[in-house]
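A closer look at the structure
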Protein chains: 4
Amino acid sequence: MSDVRDISLAPEGERKIAWAMKNMPLLTSIGEEFERARPFDGIKITLSVHLEAKTACLCRTLALGGAEMHVSGSNPLSTQDAVAAALAEGGMDVHAYHGATDGEYVKHLTAALQCGPHIVIDDGCDLTNLLHTDLRHLLPGVIGGCEETTTGIIRLNAMAKDGVLKYPVMAVNDAKCKRLFDNRYGTGQSVWDAINGTTNLLAAGKTVVVAGYGWCGRGIATRSAGQGARVIVTEIDPVKALEAVMDGHTVMPMAEAAKTGDVFITATSCSSVIDHRHFELLKDGAILTNAGHFNVEVCMAELEAAAVLKYEARDNIVGYKLKNGRTVFVIGEGRLVNLAAGDGHPVEIMDMSFAVQALAAKYVLDNKGELEPGVHKVPDEIDGAVASRRLAVSGISIDSLTEDQEKYLTSWAI
Amino acid sequence: MSDVRDISLAPEGERKIAWAMKNMPLLTSIGEEFERARPFDGIKITLSVHLEAKTACLCRTLALGGAEMHVSGSNPLSTQDAVAAALAEGGMDVHAYHGATDGEYVKHLTAALQCGPHIVIDDGCDLTNLLHTDLRHLLPGVIGGCEETTTGIIRLNAMAKDGVLKYPVMAVNDAKCKRLFDNRYGTGQSVWDAINGTTNLLAAGKTVVVAGYGWCGRGIATRSAGQGARVIVTEIDPVKALEAVMDGHTVMPMAEAAKTGDVFITATSCSSVIDHRHFELLKDGAILTNAGHFNVEVCMAELEAAAVLKYEARDNIVGYKLKNGRTVFVIGEGRLVNLAAGDGHPVEIMDMSFAVQALAAKYVLDNKGELEPGVHKVPDEIDGAVASRRLAVSGISIDSLTEDQEKYLTSWAI
Amino acid sequence: MSDVRDISLAPEGERKIAWAMKNMPLLTSIGEEFERARPFDGIKITLSVHLEAKTACLCRTLALGGAEMHVSGSNPLSTQDAVAAALAEGGMDVHAYHGATDGEYVKHLTAALQCGPHIVIDDGCDLTNLLHTDLRHLLPGVIGGCEETTTGIIRLNAMAKDGVLKYPVMAVNDAKCKRLFDNRYGTGQSVWDAINGTTNLLAAGKTVVVAGYGWCGRGIATRSAGQGARVIVTEIDPVKALEAVMDGHTVMPMAEAAKTGDVFITATSCSSVIDHRHFELLKDGAILTNAGHFNVEVCMAELEAAAVLKYEARDNIVGYKLKNGRTVFVIGEGRLVNLAAGDGHPVEIMDMSFAVQALAAKYVLDNKGELEPGVHKVPDEIDGAVASRRLAVSGISIDSLTEDQEKYLTSWAI
Amino acid sequence: MSDVRDISLAPEGERKIAWAMKNMPLLTSIGEEFERARPFDGIKITLSVHLEAKTACLCRTLALGGAEMHVSGSNPLSTQDAVAAALAEGGMDVHAYHGATDGEYVKHLTAALQCGPHIVIDDGCDLTNLLHTDLRHLLPGVIGGCEETTTGIIRLNAMAKDGVLKYPVMAVNDAKCKRLFDNRYGTGQSVWDAINGTTNLLAAGKTVVVAGYGWCGRGIATRSAGQGARVIVTEIDPVKALEAVMDGHTVMPMAEAAKTGDVFITATSCSSVIDHRHFELLKDGAILTNAGHFNVEVCMAELEAAAVLKYEARDNIVGYKLKNGRTVFVIGEGRLVNLAAGDGHPVEIMDMSFAVQALAAKYVLDNKGELEPGVHKVPDEIDGAVASRRLAVSGISIDSLTEDQEKYLTSWAI
């Protein structure tokens, strides 16, 4: 039986799900195919992903394919009770509510696994972790899994290296249709949606410091420039730094950038990118945000220690007054700003990620017994299928090679 | 005595005002000067502008200069009760609350004028209208006014043409530091902040139709492209249309654009830009928004009539199902989207507009008796002063002409 | 009888003219109309414009309309002998050759005027000057003229102010279809075509200093950023400086910019923008170019004086070694770089300017006796006609107002 | 003894080399280090690369390090006789002249190899090919080689696969500091320099069709948009096509794009991208160019066959009149347009490639006996060193990891 906060919120949840689904043409079309082919008939899937409207669409898409869904969230703070209620009201087995304690959270995951799933869809490796520890007795029934995040993949690789991972997991996070799109276009936009929405400040004319010039950093830098900001990039890799220069950005060390930036956005995957070395250098009014993982890129602990006064300056913005009399502002407690102060990735981006999830789950099933335990690359065919489908629903055609062209390319490669 | 909704909201209002003021360096520095020079000592000012945090900063800046402020809102829906409470709690004479009826609204304006103001600061000409009708007995005390909006200027020019305008009014709306900045940079950004914030959709890859290629349309088109969208511009002026082409956009009539656009943003100042001629052509899921004035650019009346079903699809988004089975979505009832579904212009943009307001009010006073009744251009010196001050607070220096250069330019112009 | 350098160059000239005409759809379509209507039958036109292929297309367009053309150049260095030969070989009366002495140049202009023209088409006011001095006896026959340049308009206004201008002249230079397009899109591109073509250097990653943020400066800044350069703008006008900031550029005084720029492009219309105050600050290898008029924006005289060594570093590039041991490079002797080191404006830009010329010449004729002596604005109808025609030849349609919309706009404006 | 066309051209060659070297700070600084350390003392290097000024700078840099240089070109049409003369006059052993016959070309390569080189620097694998066929007796002396091009790498890999490659070759072409920069920034700019320089046409407002969205295609698309063009991308890979959509471009098949494009730029590495299927669809005046390799992307043979008339429309532009009466134009015979109609990559781009060459040659020497025969990846340290050096000569510093950060990253990756 489902364990949600308030089943009466179901109608509001349905409205949210309907809006998402309207803008998820990939899941919609996959769902239609699944409904006809019923690939998951008789299959139990346990899913633990941030439980909001877009995730609900993935759950329903899999259910249309015949899957018996058992659902939990992947973070108590990201669970939307109305969405959970809608899924539960619709008859799905749901265990999640917003603000669950750590104990309740584990209880929810455990409950969602009790069914003895054939497939697990994970966001951060928590389900797999439970299955390899407290719930080892359920391992024999598991055909395989899918993992949504970088963090999860890193954990899984460590498990695989140690020889303890007992089933195959598809590295959905690394699929082109996820990684090439959500970092650049998803993060690039949603970070600014969050900053602008939270601050009501003007981006044009601002000096924006982007720490890290990986895919996320590039997306953020592009959108910063696209709003009329001057972009400063900080990097530790000289090749990436030089690419930033050639892309028209200014490159300097953080210790210099700190003195001149108006808005800081970290996207490095590293810790202490902005820390005690920099706080006193910042301009009065500087805004600090993080678009990487966790809340360590801006070292919040050191900032708390350095501040003589801390106050809520605006919803989701905390001001820290420093000894030098200046005040700097942190959005969303230094956590991933597009989640902590926004709606996360745009719907269409998640449509692509979740389309990979749905097809990867089917791939696990179709290749039952064929895949070794370990982390598996999502095959190019799935990436190609997702991208082709996305072009098709957008009414876009592309070229294909003629026989002569194939021959030419083949001969060339000899 | 002030007439506000709930004086206990004052602390929340103070917090909002503090955030705005922190990001309004022009008003801050003007306020500091005013505080020293007290130019408005003994002067009563009645102000009617959208009563939210940024406006409160203008009120306080004028008060620092010695003005006795009497404040109302300019639209019952834009009044923020917390901000009104904060001003009232601080001792200002405030008459405004959110959701006032038409009768209450007029009562508020009237109350704010009862002091017999020397200067009126108007947003849409309502104060001036009252002073020239029901409150004509107060006219003799009025030295002059300032007007914030295009609509107000048009009304004032009509009054001046008919010889009925009895005092000088500064056309703040037309100052370079307002018009060159709020339309392009303010509207350009805030329209997208509102759309992205309301929809959680991805802008990249979308086809965005911008109706009108005036300053607003250009700002919107630039920010659309800056987010990775393809831009289609519709225009009636061939020269502007050709500029759009040269700026890299696609130009076509609305009847064509209607078939291909994902998001529509009107900015024409005209009516029925998108109307019954276009609804049935729109793609399923198309999103209609208006960045011009009023709610006539997207003809809401005709859309209501054409729809077979109407429902709230998400907060501030209404879906209209059409006879052809497609559904189109309207944000914020077709009203100015950055106000109806967002926080209006970014703070720094209003800082510039209100800096012009503050200096224009002082100009009216300094030139008491010198200015004829009628609409007056804000002098270039004020624009220059505001822009220079903005550069200065940003730590930016610029060049000035040498004597030889001045001589060269003068000789050249002979 | 024509006076050209070498009539045997005519075939090469024809080839150049053919290429230009192929890319001048406006002149082509105007020529077709002229050929049918023959508006200039019996009319003599003397034209003095930079005599290269695009200008030849204007001459032939007017001739198709029946005009008897008498042609000279407007600068001996810009005359292309092959083009002159082609026109002469085709039967036109041509007086121009490359490298004419000052005396020969005046003789050429005089010869082209001997016919006693009805209309003069001028580039810099030289024809009008002659007609008001040495050739006053021809004045009675002149119906009017057209002027292509800012310089010419300034001279004509001075003459008009003094009451000495004896016929009406159309200010073609100020028409929207010239000024809004050639400065931004024409100069923006052609300056970079010249710099890149001359230097073979990479624009991406460079720091480009643009002096002046008028229409030319904006066009150059946009194209600089479009190539991956960081843009620094110098200005004397605070409002323009602030626009540059909001457009994402960095603003600083030239004395600062001098230390950091890789490429300098002046577009101010002023003198000594880069002069003795800056030379010693420049980085070794800095490149100086001018996109404004004359060769005074970069003060060549002072640079010559400051240099300890001067040498040709590459075709059209001169290196100046300074006392501090650094070398700076000047392209095209500090003259308008897109002419001195390139092919001038792109063909399509001149197509627009010359379409205005052709229609303005017809307007002068159509309004014979109606126009007062003096400088006349090109009527909006001509701008509208040129822009509409340009859209039409590009296959682009635009909207027009419905009756209801016209009514709305009119009522609104009351 | 050198075999060059005209030794008296040496001064002109010196001037060209001096300009290049002035803008090759990497080679300059490497040369200074080499001069001190003399790593190549006693080493003979045979080099066969397009023999123009930038290549001459590489030769001299290696010579400063003590190398005895034996130089040939890699394509008789790209050899600049003045540059060859300057090198020869300076005492280098040079065998190359412009327009050499195939026989002469082989003779030149053979002559340059007669010294019995320790290291070969190759561009297209011609030296290696000779050493493995006619000049096998020299193989024992060869320590290793470096290869500049994709084509060469493909050939080398084929040789390695067959077990016939007898020495190690560094894949300079695949180094990040080459491939990430020359394709995007080098090709992106130089293609447009060539098109604009050759045509004198306006890019703004044009519809530009870019075939292929690899690194080259992306660079070209970015620069096209940066000039105000609308960009259409054609692709065969759905993921790349979708990236193009998200980057704001329009995607369609070539058969559609053919009807609407003004300028076509192919960058696919495939054959017949534009061929008989498309010619009759093209607009009158369309311009066809190729930025990929060879002259097969635009199928010139089929275009020749389809044309009813062929003529030189302008230097380096040939017009092809088709049966339907339209004329299309091809720049540079469909060969790589930035070489066939321009100066090739900008100097700074080649500075990066050749810095990799110089350091890779040293690496071959330093690791004598350590490297297996076969194709070797340029080690990351060389890429890092080149990028770091480039930042340093630009006066740019970047961050480095603190100990704590290294620890964090390491722990994370466990």
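Right, let's get into the overall build of chain A. Helix and strand content of chain A: 16 helices and 15 strands. Along the first, second and third principal axes, the C-alpha atoms of chain A reach 65 × 60 × 45 Å. When the 414 residues of chain A are sorted by exposure, 62% land in the buried category. The contacts in chain A between residues at least 6 apart in sequence include a share of 70% that link residues at least 24 apart.

A few words on the sheet that holds strand β3 (residues 93–95) of chain D. All names here are of chain D. On the basis of which strands lie adjacent, the open sheet formed by 7 strands has the order β3-β2-β1-β4-β5-β6-β15 and parallel pairing. Among the strands making up the open sheet, the edge pair consists of β3 and β15 (374–376). For this sheet, the mean angle separating the axes of adjacent strands, direction not counted, is 20°. Taken together, the 4 bridges between strand β4 (residues 119–122) and strand β5 (residues 144–147) define a ladder with parallel strand orientation. Bridging from a neighbouring strand, valine 120 pairs with glycine 145 of β5.

Turning to the relation of the copies chain D and chain A, a few remarks are in order. Expressed as a screw transformation, the operator carrying chain D onto chain A has a rotation angle of 180° and an axial translation of 0.0 Å, and the superposed copies differ by an RMSD of 0.1 Å. Look at the turn and shift together and you get a two-fold axis relating the two. Interface residue correspondence from chain D to chain A reaches 100%, placing this contact among same-surface, isologous pairings.

Moving on, we come to the interface of chain B and chain A. One widely used convention gives an interface's size as the accessible area the parts lose upon coming together. Contacts between chain B and chain A engage 39 residues on the former and 39 residues on the latter. Summed over both partners, the interface of chain B with chain A comes to about 3,200 Å²; 49% of that surface belongs to carbon and sulfur atoms. For the pair chain B and chain A, the interface holds 10 salt bridges. The salt bridge partner of A:Arg314 is B:Asp343, with a shortest N-O separation of 3.2 Å.

So, about the relation of the copies chain B and chain A. With an axial shift of 0.0 Å and an RMSD of 0.1 Å, the rotation relating chain B to chain A amounts to 180°. Mapped onto chain A, 100% of the interface residues of chain B are again interface residues, and the two copies thus contact each other with one and the same surface.

Moving on, we come to the interface of chain D and chain A. Each side of the interface is counted separately: chain D has 56 residues, and chain A has 56 residues. Taken together, the two surfaces of chain D and chain A that pack against each other cover about 4,600 Å², and 70% of this comes from carbon and sulfur. Where chain D touches chain A, the interface holds 2 salt bridges. For A:Glu243, the salt bridge identified is with D:Arg184, shortest N-O distance 2.4 Å. Taken together, chain D and chain A are joined by 14 residue pairs in polar contact (both at pLDDT 80 or more). For the side of chain D that touches chain A, the elements supplying multiple residues, two or more each, are α7 (150–161), α8 (176–199), α9 (215–226), α10 (238–246), α15 (380–393) and α16 (403–413) of chain D. Considering every element that reaches the side of chain D that touches chain A, the biggest residue donor is α10(D), with 7 residues. The residue inventory of the side of chain D that touches chain A, partitioned by class, reads 32 nonpolar, 12 polar and 12 charged.

Our next topic: the packing of helix α1 (residues 10–22) of chain B against helix α3 (residues 53–64) of chain B. Residues and elements named next belong to chain B. The N-to-C vectors of α1 and α3 enclose an angle of 80°; their axes lie 8 Å apart at closest approach. In terms of their interaxial angle, α1 and α3 are classed as roughly perpendicular. Here α1 contributes Glu14, Lys16, Ile17, Ala20 and Met21 to the contact with α3, which in turn contributes Ala53, Lys54, Ala56, Cys57, Arg60 and Thr61. When its residues are assigned to classes, the contact of α1 with α3 shows 6 nonpolar, 1 polar and 4 charged.

Right, let's talk about a nonpolar patch on the surface for a bit. Residues and elements named next belong to chain A. Judged by side-chain polarity, Val308, Leu309 and Tyr311 come together as a nonpolar surface patch covering roughly 270 Å² of accessible area. By the secondary structure assignment, leucine 309 is in strand β12 (residues 307–314). Leucine 309 gets classed as partly exposed once you look at its relative accessible area, which sits at 45%.

Before going further, it helps to examine the packing of aromatic side chains. For the structure on display, the rule yields 13 aromatic pairs over all chains. When the centroid spacing of 5.3 Å and the interplanar angle of 80° are considered together, the rings of A:Phe34 and A:Phe40 count as edge-to-face. For the pair A:Phe34 and A:Phe40, a shared accessibility class is recorded, and that class is buried. Between B:Phe181 and B:Tyr185 the ring centres are 5.8 Å apart and the planes differ by 40°, which places this aromatic pair in the tilted class. Of this pair, B:Phe181 and B:Tyr185 both sit in helix α8 (residues 176–199), 4 residues apart, which is roughly one turn of the helix. Side by side, B:Phe181 and B:Tyr185 carry an identical accessibility label, which is buried. What links up through ring pairs into an aromatic cluster is the set A:Tyr311, A:Phe329 and B:Trp19.

Under the defined criterion, the tally for this structure stands at 84 salt bridges over all chains. Residue D:Glu348 pairs with C:Lys206 through a salt bridge whose shortest N-O separation is 2.4 Å. With D:Glu348 in helix α14 (residues 347–366) and C:Lys206 in the loop between α8 (176–199) and β7 (207–211), this pair bridges two chains. Since its relative accessible area comes to 13%, C:Lys206 is described here as buried. A salt bridge links D:Arg277 to D:Asp275; its shortest N-O distance comes to 2.8 Å. On the basis of relative accessibility, which here comes to 4%, the residue D:Asp275 falls in the buried class. Residues joined by salt bridges that share partners form a network here, namely A:Arg15, B:Glu312 and B:Asp315.

What follows covers unusual backbone geometry. Unlike most non-glycine residues, A:Arg38 shows phi in positive territory, near 50°. Inspection of the secondary structure assignment puts A:Arg38 in the loop between α2 (25–37) and β1 (44–48). Using a relative accessible area of 35% as the deciding quantity, one classes A:Arg38 as partly exposed. In this structure, D:Cys125 takes a positive phi of about 75° despite not being glycine. Of note, D:Cys125 is situated in the loop between β4 and α6 (126–131). Residue D:Cys125 is classed as buried on the basis of its relative accessible area of 1%.

For A:Thr266, the position within the fold is in strand β10 (residues 263–266). There is a polar contact of 3.4 Å between the side chain of A:Thr266 and the side chain of A:Glu297.

The next subject is the pairing of strand β14 (residues 327–331) of chain A. Residues and elements named next belong to chain A. Counting buried positions along β14 yields 5 of 5 residues, so the element is predominantly enclosed. Neither face of β14 is left uncovered, since the one carrying Thr327, Phe329 and Ile331 and the one carrying Val328 and Val330 both have all their residues buried. Inspection of the sheet shows strand β11 (residues 287–290) paired to β14 by 2 bridges, in the parallel sense. Paired with leucine 288 across the two strands is valine 330, which belongs to β14.

We now examine the confidence of the model for chain A. The share of residues in chain A with pLDDT of 70 or more is 99%, and the mean pLDDT across the chain is 96. The ipTM value of the predicted complex is 0.95, and its pTM value is 0.96.

Moving on, we get to helix α1 (residues 10–22) of chain C. With 13 residues, α1(C) extends 18 Å between its outermost C-alpha atoms, agreeing within 8% with the 18 Å of an ideal straight helix rising 1.5 Å per residue. Taken residue by residue, α1(C) has C:Ala10, C:Gly13, C:Ile17, C:Trp19 and C:Ala20 as its buried positions.

This part covers the sheet that holds strand β14 (residues 327–331) of chain D. Residue and element names in this part refer to chain D. In space, the 8 strands of this open sheet follow the order β9-β8-β7-β10-β11-β14-β13-β12, with mixed pairing throughout. The strands lining the two open edges of the sheet, one partner per strand, are β9 (250–251) and β12 (307–314). Bridge analysis of strand β10 (residues 263–266) against strand β11 (residues 287–290) gives 4 bridges, and the strand direction is parallel. When the bridges of β11 are listed, valine 263 appears paired with isoleucine 287.

Reading guide: rules and limits
- Residues numbered from 1 in each chain as written.
- Chains lettered and ligands numbered in written order.
- Predicted model: local features only at pLDDT ≥ 70, side-chain atom pairs only at ≥ 80, totals over all residues.
- Heavy atoms only, no water.
- Helix = DSSP H or I, 4+ residues; strand = E, 2+ residues; numbered from the N terminus.
- Buried < 20%, exposed > 50% of the residue type's maximum accessible area, 1.4 Å probe, protein only.
- Contact = heavy atoms within 4.5 Å.
- Pairing = 2+ DSSP bridges.
- Axes fitted to C-alpha atoms, helices over the stretch in contact; angles between N-to-C directions.
- Least-squares fit on C-alpha atoms with pLDDT ≥ 70 in both.
- Buried area = accessible area lost by both parts, 1.4 Å probe.
- Salt bridge = Lys/Arg side-chain N within 4 Å of Asp/Glu carboxyl O.
- Polar contact = N/O pair within 3.5 Å; in protein donor to acceptor, adjacent residues only side chain to side chain.
- Nonpolar A, V, L, I, M, F, W, Y, C, P; charged D, E, K, R; others polar.
- Parallel < 35°, antiparallel > 145°, perpendicular 65-115°, else oblique.
- Patch = residues over 30% accessible without salt bridge, like charges linked within 9 Å, V, L, I, M, F, W, Y side chains within 5 Å.
- Areas by Shrake-Rupley, 256 points an atom, 1.4 Å probe, with all protein chains shown as cover.
- Phe/Tyr/Trp six-rings, centres within 6.5 Å; stacked < 30°, edge-to-face > 60°.
- pLDDT = per-residue confidence, 0-100.
- Expected span 1.5 Å × (residues − 1).

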